[in-house]
Amino acid sequence: QVQLVESGGGLVQAGGSLRLSCAASGHTFSSYTMAWFRLAAGKKREFVAGINWSGGTTYYANSVKGRFTISRTNVNNTLYLQLSSLKPEDTAVYYCAAEWPGLTISELDVAYQYWGQGTQVTVSS
């Protein structure tokens, strides 16, 4: 089992940047595929980005490709999401999630066994 705690959300103007972090504790972090999802008001939870166990493979939703960067440091048990060129439509609660085993990256939220509590990102126009 792994526990996940997100941080780094906040209010930012359009075009700005934020860096989200997800601190993991519990079972071996490096054995999990990790991902970021987001939930905006009135919408379904949406896959944002994923990274395999080693960090060697990443995958992004088309809506964030080229603007967001996912990374991880297994030594520190931390997942990151760098958000750049933010748009008002990026406003959402952002969640990190863990899938075991970390062999592939799934866009489906049902594939992930563990979730953090979320961090709010608000982008003003």
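Model, not experiment: these values are computed from the prediction.

(A) Region of the structure containing the overall build of the protein chain. Tallying secondary structure elements over the protein chain gives zero helices and 11 strands in all. Its helices and strands taken in sequence order, the protein chain reads β-β-β-β-β-β-β-β-β-β-β from the N to the C terminus. At 13 Å, the protein chain has a C-alpha radius of gyration in line with the 14 Å of a compact globule built from 125 residues. Viewed in the frame of its principal axes, the protein chain has a C-alpha envelope of about 40 × 25 × 25 Å. Considering only residue pairs separated by 6 or more positions, the protein chain has 59% of its internal contacts joining residues 24 or more positions apart.

(B) Structural context of the pairing of strand β9 (residues 92-99). Taken across its eight residues, β9 has seven buried, putting it largely inside the fold. With seven bridges connecting them, strand β4 (residues 33-39) and β9 associate as antiparallel partners. Bridging from a neighbouring strand, threonine 33 pairs with glutamate 99 of β9. Here two bridges tie β9 to strand β10 (residues 114-115), and the two strands are oriented antiparallel to one another. Bridge assignment links alanine 98 to a residue of β10, and that residue is tyrosine 114.

(C) Spotlight on unusual backbone geometry. Between tryptophan 100 and the following residue, proline 101, the backbone shows a cis peptide bond with an omega angle of 0°. Along the chain, proline 101 falls in the loop between β9 and β10.

(D) Main features of the packing of aromatic side chains. Going through the model one piece at a time under the given rule, you end up with six aromatic pairs. On the numbers, 5.0 Å between centres and 55° between planes, the contact of phenylalanine 37 with tryptophan 115 is tilted. On the criterion of sequence distance, the pair formed by phenylalanine 37 in strand β4 and tryptophan 115 in strand β10 is long-range, its members being 78 residues apart. Given a relative accessible area of 1%, phenylalanine 37 falls into the buried group. Assessed through its relative accessible area of 25%, tryptophan 115 is described here as partly exposed.

(E) Summary view of the nonpolar core. Membership of the largest hydrophobic core comes to 35 residues, with the highest contact counts inside it found for Met34, Trp36, Leu79, Leu81 and Tyr94. When contributions to this core are tallied by element, the ones reaching two or more residues are β1 (2-7), β3 (18-26), β4, β5 (46-51), β7 (68-73), β8 (78-83), β9 and β11 (119-124). Counting residues per element, this core draws most heavily on β9, at five residues.

(F) Summary view of the pairing of β7. The two faces of β7 differ: Phe68, Ile70 and Arg72 on one face are buried, but Thr69, Ser71 and Thr73 on the other face are not. Bridging between β7 and β8 involves six bridges; their strand directions are antiparallel. For phenylalanine 68, the partnering residue across the bridge sits in β8 and is leucine 83. What sits between the antiparallel neighbours β7 and β8 is a turn of four residues, in which asparagine 77 has the positive phi angle 55°.

Basis of the calculations
Residues numbered from 1 in each chain as written. Predicted model: local features only at pLDDT ≥ 70, side-chain atom pairs only at ≥ 80, totals over all residues. Heavy atoms only, no water. Helix = DSSP H or I, 4+ residues; strand = E, 2+ residues; numbered from the N terminus. Rg over C-alpha atoms; globule rule 2.2 N^0.38 Å. Contact = heavy atoms within 4.5 Å. Buried < 20%, exposed > 50% of the residue type's maximum accessible area, 1.4 Å probe, protein only. Pairing = 2+ DSSP bridges. Phe/Tyr/Trp six-rings, centres within 6.5 Å; stacked < 30°, edge-to-face > 60°. Core = buried A, V, L, I, M, F, W, Y, C linked by side-chain atoms within 4.5 Å.

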